[in-house]
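Summary of structural features
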Amino acid sequence: NAGVTQTPKFRILKIGQSMTLQCTQDMNHNYMYWYRQDPGMGLKLIYYSVGAGITDKGEVPNGYNVSRSTTEDFPLRLELAAPSQTSVYFCASRRDLVGSGNTIYFGEGSWLTVV
Amino acid sequence: AQKVTQAQTEISVVEKEDVTLDCVYETRDTTYYLFWYKQPPSGELVFLIRRNSFDEQNEISGRYSWNFQKSTSSFNFTITASQVVDSAVYFCALSEAGDSNYQLIWGAGTKLIIKP
């Protein structure tokens, strides 16, 4: 059971560099999310998608971009990395909004450090 | 406004003690979902339970139990006979039907330390 898979797990970026965090899920889930978690804090929503071709901003979208060309994949791109983007990033997905399918499942996280 | 409050920032108990993690939520919706997630030191987020607003029945799963009380807007989590492996940060979260995308609203988390 692969579930939600994120890569890379760890990455160090220099200020101003760009990179893409990959996320893929094999559960045919419509809804996908990117969260960031700063040390000792809860999760904040960066972007989300309700289906292929549809994305929308969450609480903290600045400095990030996403795309959803397929149901399975939801990459998160960091443009011009800044130290404030040092965080742990979680990708997540859910099948439905209601009922038993609305549980959100998370990837294992990607630890990003910007120096 | 929707909100999830986990007032206990950190709890430390000795192994085998019972411990309750509090979660209080605010919502205007009559249909909503509540969740608990566990984040062990390794960092992943593990789903523990989902409860919808129409189901106030308490749930027990092994040493874990959840007490959902709409009258007090609380969804507390109890670990009985705690073990060192229960050490983790535990998050409570809310998802409202009135939010067209049912985004999760997270509490700040409670760090649970179980001492041997």
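My aim in this report is to walk through the structure given alongside it, one point at a time. (Residues numbered from 1 in each chain as written. Chains lettered and ligands numbered in written order. Predicted model: local features only at pLDDT ≥ 70, side-chain atom pairs only at ≥ 80, totals over all residues. Heavy atoms only, no water.)

Within chain A, the secondary structure is distributed over zero helices and 11 strands. Each helix (α) and strand (β) of chain A, taken in turn from the N terminus, gives the series β-β-β-β-β-β-β-β-β-β-β. Residue burial in chain A is summarised as follows: out of 115 residues, 46% are buried. (Helix = DSSP H or I, 4+ residues; strand = E, 2+ residues; numbered from the N terminus. Buried < 20%, exposed > 50% of the residue type's maximum accessible area, 1.4 Å probe, protein only.)

Here we take up the packing of aromatic side chains. The tally for this structure, following the rule as stated, stands at 22 aromatic pairs over all chains. Between Trp36 of chain B and Phe77 of chain B, the aromatic rings sit 5.4 Å apart at their centres with planes inclined by 50°, giving tilted as the arrangement. Residue Trp36 of chain B is located in strand S5 (residues 32–39), and its partner Phe77 of chain B is located in strand S9 (residues 74–79); the two are separated by 41 residues in the primary sequence. Given a relative accessible area of 0%, Trp36 of chain B falls into the buried group. Given the relative accessible area of 0%, Phe77 of chain B is considered buried. Put simply, the rings of Tyr33, Tyr35, Tyr48, Phe90, Tyr105 and Phe106 of chain A together with Phe35, Tyr37, Phe47, Phe91 and Trp106 of chain B touch in pairs and so form one group of aromatic residues. (Phe/Tyr/Trp six-rings, centres within 6.5 Å; stacked < 30°, edge-to-face > 60°.)

At the junction of the two partners, chain A supplies 21 residues and chain B supplies 20 residues. Taking both sides of the interface into account, the surface hidden between chain A and chain B amounts to around 1700 Å²; carbon and sulfur atoms contribute 56%. Where chain A touches chain B, the interface holds zero salt bridges. Counting across the chain A and chain B interface gives three residue pairs in polar contact (both at pLDDT 80 or more). At the level of secondary structure, the elements contributing two or more residues to the side of chain A that touches chain B comprise strand S4 (31–37), strand S5 (43–51) and strand S9 (87–94) of chain A. At four residues, S5 of chain A tops the list of elements feeding residues into the side of chain A that touches chain B. Within the side of chain A that touches chain B, the residues separate by chemical class into 13 nonpolar, six polar and two charged. (Contact = heavy atoms within 4.5 Å. Buried area = accessible area lost by both parts, 1.4 Å probe. Salt bridge = Lys/Arg side-chain N within 4 Å of Asp/Glu carboxyl O. Polar contact = N/O pair within 3.5 Å; in protein donor to acceptor, adjacent residues only side chain to side chain. Nonpolar A, V, L, I, M, F, W, Y, C, P; charged D, E, K, R; others polar.)

With that settled, consider the nonpolar core. Residue and element names in this part refer to chain B. Of all hydrophobic cores here, the largest spans 24 residues; its most connected members are Trp36, Phe77 and Tyr90. When residues of this core are traced back to their parent elements, those giving at least two are strand S2 (10–14), strand S3 (19–21), S5, strand S8 (64–69), S9, strand S10 (88–96) and strand S12 (110–115). Element by element, the count of residues in this core is highest for S10, at four residues. (Core = buried A, V, L, I, M, F, W, Y, C linked by side-chain atoms within 4.5 Å.)

Residue and element names in this part refer to chain A. Inspection of every chain in the model, using the stated rule, returns two disulfides over all chains. Disulfide partner of Cys23: Cys91, at an S-S distance of 1.8 Å. Linking Cys23 and Cys91, the disulfide has an S-S dihedral of approximately -75° and is accordingly described as left-handed. Of this pair, Cys23 sits in strand S3 (residues 19–25) while Cys91 sits in strand S9, and the two are 68 residues apart along the sequence. Taken as a pair, Cys23 and Cys91 share a single burial class, namely buried. (Disulfide = S-S within 2.5 Å.)

Right, let's get into the sheet that holds strand S8 (residues 76–78) of chain A. Residues and elements named next belong to chain A. Read from one edge of the open sheet, four strands run S1-S3-S8-S7, paired in antiparallel fashion. Both edges of this open sheet fall to strand S1 (4–7) and strand S7 (64–66), since each of them pairs with a single strand only. Taking the axes of each pair of neighbouring strands and ignoring which way they run, one obtains an average angle of 20° across the sheet. Where S1 and S3 come together, four bridges link them in antiparallel fashion. Pairing of Thr7 across the sheet is with Gln22, part of S3. (Pairing = 2+ DSSP bridges. Axes fitted to C-alpha atoms, helices over the stretch in contact; angles between N-to-C directions.)

Residues and elements named next belong to chain A. Across all of its chains, the model carries six salt bridges over all chains by this definition. For Lys9, the salt bridge identified is with Glu108, shortest N-O distance 3.9 Å. In this pair, Lys9 sits in the loop between S1 and strand S2 (10–13) while Glu108 sits in the loop between strand S10 (105–106) and strand S11 (110–114), placing the two residues 99 residues apart along the sequence. Take Lys9: its relative accessible area is 33%, and that puts it in the partly exposed class.

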